[in-house]
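Here's the letter readout for the chains.
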Amino acid sequence: ATAVLLGGQISIAGMIWDYIAKALVAFENPESTNQYVMDLVWKLFPFGFVNAYISIYYIAFFQRNFVGCPENDCIEVLRGALYITFGTYGAIQVGTAVANTLMMKLMLYSEKRTVLSRLA
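Below is a short write-up of the structure. (Residues numbered from 1 in each chain as written. Predicted model: local features only at pLDDT ≥ 70, side-chain atom pairs only at ≥ 80, totals over all residues. Heavy atoms only, no water.)

**Some details on the overall build of the protein chain**
Working step 1: Helices and strands together make up the secondary structure of the protein chain, namely 3 helices and 0 strands.
Working step 2: The helix and strand sequence of the protein chain, counted from the amino end, reads α-α-α.
Working step 3: C-alpha extents for the protein chain along the principal axes are approximately 75 × 35 × 15 Å.
Working step 4: The proportion of buried residues among the 120 residues of the protein chain is 20%.
Working step 5: The contacts of the protein chain with a sequence gap of at least 6 include a subset with a gap of at least 24, amounting to 52%.
Working step 6: Here the protein chain contributes 8 positively and 8 negatively charged side chains, and the mean placements of these two sets differ by 15 Å. (Helix = DSSP H or I, 4+ residues; strand = E, 2+ residues; numbered from the N terminus. Buried < 20%, exposed > 50% of the residue type's maximum accessible area, 1.4 Å probe, protein only. Contact = heavy atoms within 4.5 Å. Lys, Arg positive; Asp, Glu negative; His and termini not counted. Charge placed at Lys NZ, Arg CZ, Asp CG, Glu CD.)

Quick look at the structure:
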């Protein structure tokens, strides 16, 4: 259950940070589109990396010292966390892509109907 929640947390934190990063870059008022993109990448990449992998590093390097692992085998805990966390994260990403595609198709269909009704 924890790994599933972690997969959701990764997605939600990523969406929130995307919004914040875009606002910060807009506040910086970059001189060009290229500068905007570079500033945005410099804000998104480090956060995304830490957000996605911090729990994995914790399990791999610190859990044994602070909480302990069942039968002193953190590798099995790490393996399970990797499968479930990134499986959940992947499913969320696929679901988001499908939802976005369906929303776009719906918007295009609606626009097409509006244009056709004006022509008729």
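**A word on unusual backbone geometry**
Working step 1: Phi angles above zero are rare outside glycine, and Asn-29 is one such case at about 55°.
Working step 2: Mapped onto the fold, Asn-29 is located in the loop between α1 (2–28) and α2 (33–66).

**Observations concerning the state of the cysteines**
Working step 1: Overall, the coordinates contain 1 disulfide when judged by the stated rule.
Working step 2: One disulfide in the model links Cys-69 with Cys-74; its S-S distance is 1.7 Å. Judged by the sign of its S-S torsion, about 80°, the bond between Cys-69 and Cys-74 is right-handed. Just as Cys-69 is buried, Cys-74 falls in that class too. (Disulfide = S-S within 2.5 Å.)

**A look at the side chain of Thr-88**
Working step 1: Counting through the fold element by element, Thr-88 comes out in helix α3 (residues 74–119).
Working step 2: A residue is classified by how much of its surface remains accessible, and Thr-88, at 17% relative accessible area, is buried.
Working step 3: A distance of 2.7 Å separates a polar side-chain atom of Thr-88 from the backbone oxygen of Ile-84.
Working step 4: In this view, Thr-88 contacts Val-4, Gly-7 and Gly-8; residues no more than four positions away in its chain are not counted. (Polar contact = N/O pair within 3.5 Å; in protein donor to acceptor, adjacent residues only side chain to side chain.)

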